Amino acid sequence: MASSVVKETLGTLNKDSYVNLLSKLIGESRYVQNNPPELIPQEDRVVKHVLDALLPLSTKTGGGPLVINHITYFTGRGNLIVEYPGTEPGKILSFVGMHMDVVTANPNEWVCLSFLMLLFELNWVYNCADSKRFYINFIKAVHVSIVAISSRCRSCAPIDTRSFLLKSWLPTIFIGRLCEKCDGKCEFDPFSLSIDGEKLCGRGTTDCLGHVALVTELMRKLGETKLKLKSTVIAVFIASEENSAITGVGVDALVKDGLLNKLKGGPLYWIDTADKQPCIGTGGMIPWKLHVTGKLFHSGLPHKAINPLELAMEALKVIQTRFYKDFPPHPKEQVYGFETPSTMKPTQWSYPGGGINQIPGECTVSGDVRLTPFYNVTDVMKRLQEYVDDINENIEKLDTRGPVSKYVLPDENIRGRHVLSLRYLTLGRDDFRILPLSLTLTFDEATNGVACNLDSRGFHVLCKATEEVVGHVNPYSITGTLPLIREIQDEGFDVQTAGYGLMATYHADNEYCLLSDMCQGYQVFVSIISQLED
């Protein structure tokens, strides 16, 4: 079929239908937050709305050509495979990765834009020199903001300024109580869709319920038009992307059971990135913790202590220096447009507490390795182990902090050690005392990055569609991590990634997407389908 006929038949995104469906999906976002064990999503709540849209056009009801398969491995946590059959066997393209779980959201931290405007209004008030002028300007600023709030807040009646000030006053304003009916969260309740012009706001609009609704609308249009295509078009809506604590729920189980094998016959577009451009590379991740056990003692007698804070800093300095030597910027990083090379850095520091005059007995430094896809996480973890082993053998060579700072106490037969497992060490050939180890390095689950195939037809089709619809194409790479897709790529799939939300609001408070961007995303999908018909 000619590409022009495909584009004409599938047309543009039905905005009203899309927004209506998205509103239902965001209404379920409270119940699909993924943070076990406290929050275990029930993705079937989202599945229900997708099925409501597509079942009337399916073979199950006799109303259309869509072949729908609802696969569930855990109760209430389903995946959905929707197939629009083509006429040529083996000719296929797929849209995968639209996940039906979301990251958590705290409603108390999602503030109305009018509240932010109030803060800006008040900014100049604080510079007043005298209290009388401060009070007058404060009243003016609040009044102006309340008028704006009343005009913007569709669910609330106009607010009486005097009543508002008497009931709320400054402390209450700053925790977000902006209107008496909805407590100031009416515009940006994360668990219901809010619309402000082009902005569609709520948890999941960008990541990834907005894409669930978008691909559902595409499959709905295919089912309605019964367009005769050579290619089979498959959409795979998945469970459990945002957290890997519980495995065997989503795409990992689908791949293991061979339910996606047929997708190897054509490009697989993973729809879970942002900013309307092809994302051609992502980073791997190795979360790590360095637990340091020293010897607690009075800070006035530092020569009798092993300072775990100093020991952690010096050991980490050695580990980082050797990491950057062994894993330098890779030449392919420029080809893929990575803004940063592989990195290893601390991001958190904790200790049990104690007096300012105490050298603590232990501390923990945590961080991550972000690895471009041209290095393998297993190789890096093995090398980190080697660094630690070498430091173990040469701990006296670590730099110290001053004349009495040390990591060995010979008189007490205490010697600092670095190991990769939690256990105890017997110190000295003839000394059978059991002492806790000085440093323990552990890893959480590691993930490899992905470098998309830049020579595949799937990539070139995506680039052409993006340029045609958006007006330019600028593929990018990030060392953020997309779980699951490296495993799919390793299974032989031509994985390309794209998305039409906003990177600036990814996992953020006040998450939103733009309706115009989603409309362009729909047109990109149509262009992909039409190109692959030629």
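Structure's up top.
Quick look at the structure, then. (Residues numbered from 1 in each chain as written. Predicted model: local features only at pLDDT ≥ 70, side-chain atom pairs only at ≥ 80, totals over all residues. Heavy atoms only, no water.)

### Considerations on the packing of aromatic side chains
1) Next: According to the stated counting rule, one finds eight aromatic pairs in the structure shown.
2) Next: Summarising the aromatic geometry, the rings of Phe95 and Phe525 are spaced 4.8 Å apart at their centres and angled 50° between planes, so their arrangement reads as tilted. Taken together, the positions of Phe95 in strand β3 (residues 92-99) and Phe525 in helix α15 (residues 515-531) put the pair 430 residues apart, joining distant regions of the chain.
3) Next: Grouped by ring-pair contacts, the aromatic residues Phe95, Tyr269, Tyr500 and Phe525 constitute a single cluster.
4) Next: In this arrangement the basic side chain of Arg45 is found over the ring face of Tyr31, its NZ or CZ atom lying 3.8 Å from the centre.
5) Next: Over the ring of Tyr512 we find Lys199, and its NZ or CZ is 4.6 Å from the ring centre. (Phe/Tyr/Trp six-rings, centres within 6.5 Å; stacked < 30°, edge-to-face > 60°. Helix = DSSP H or I, 4+ residues; strand = E, 2+ residues; numbered from the N terminus. Lys NZ or Arg CZ within 6 Å of the ring centre and 35° of its normal.)

### What to know about the sheet that holds strand β4 (residues 194-196)
1) Next: The three strands lie next to each other as β4-β5-β23, forming an open sheet whose pairing is antiparallel. Two strands in the sheet have a free side with no partner beyond their single neighbour: β4 and β23 (512-514). Each strand axis lies, on average, 25° off the axis of its neighbour in the sheet, ignoring direction.
2) Next: Bridging between strand β5 (residues 199-201) and β23 involves three bridges; their strand directions are antiparallel. (Pairing = 2+ DSSP bridges. Axes fitted to C-alpha atoms, helices over the stretch in contact; angles between N-to-C directions.)

### Points about the packing of helix α8 (residues 209-225) against α15
1) Next: Orientation of α8 relative to α15, taken along the N-to-C sense of each, is 45°, at an axis distance of 10 Å. In terms of their interaxial angle, α8 and α15 are classed as oblique. In the packing of α8 onto α15, the handedness of the crossing is right-handed. On α15, the residues that touch Gly210, His211, Leu214, Val215, Glu217, Leu218 and Lys221 of α8 are Met518, Gly521, Tyr522, Phe525, Val526 and Ile529.
2) Next: Residue composition of the contact of α8 with α15, by class: eight nonpolar, three polar and two charged. (Parallel < 35°, antiparallel > 145°, perpendicular 65-115°, else oblique. Left-handed = near helix turned anticlockwise from the far one by under 90°. Contact = heavy atoms within 4.5 Å. Nonpolar A, V, L, I, M, F, W, Y, C, P; charged D, E, K, R; others polar.)

### Considering the packing of helix α1 (residues 3-10) against α15
Axes are the key here: two packed helices are described by the angle between their axes and the distance separating the axes.
1) Next: In the contact formed by α1 and α15, the axes pass within 9 Å of each other and the chain directions differ by 150°. For the crossing formed where α1 meets α15, the hand is right-handed. On α15, the residues that touch Ser3, Val6, Lys7 and Leu10 of α1 are Tyr522, Val526, Ser527, Ile529 and Ser530.

### Focus: unusual backbone geometry
1) Next: The linkage connecting Pro36 with the following residue, Pro37, adopts the cis geometry, with an omega of 0°.
2) Next: At the junction of Asp207 and Cys208, the peptide bond is cis and its omega measures out at 5° in the coordinates.
3) Next: Even without being a glycine, Asp275 presents a positive backbone phi close to 75°.
4) Next: Tracing the chain through its elements places Asp275 in the loop between β7 (267-271) and β8 (279-282).
5) Next: Assessed through its relative accessible area of 36%, Asp275 is described here as partly exposed.
6) Next: For Asn510, which is not glycine, the phi torsion reads 60° and is therefore positive. (Buried < 20%, exposed > 50% of the residue type's maximum accessible area, 1.4 Å probe, protein only.)

### Here's the deal with helix α3 (residues 44-54)
Structural remark: α-helix, 3.6 residues per turn; residues separated by three or four positions point the same way.
1) Next: For α3, every residue scored as buried is listed here: Val46, Val47, His49, Val50, Leu51, Ala53 and Leu54.
2) Next: The inward-facing, buried residues of α3 contact α2 (15-26), β1 (67-74), β2 (77-84), α8 and β6 (232-238).

### As for the layout of surface pockets
1) Next: Empty space within the largest pocket amounts to approximately 960 Å³.
2) Next: Forming the boundary of the largest pocket are 36 residues, of which Glu241, Thr447, Thr481, Leu482 and Pro483 lie nearest the centre.
3) Next: Where the lining of the largest pocket is concerned, the elements lending two or more residues are α9 (251-256), β9 (284-293) and α14 (485-490).
4) Next: When residues in the lining of the largest pocket are grouped by element, the largest group, three residues, is from α9. (1 Å grid on protein atoms, 1.4 Å probe; cavity = no way out; pocket = protein on both sides within 12 Å on 5 of 7 lines; lining within 4 Å. Points joined across faces, edges and corners; volume = space filled by probe spheres on them.)

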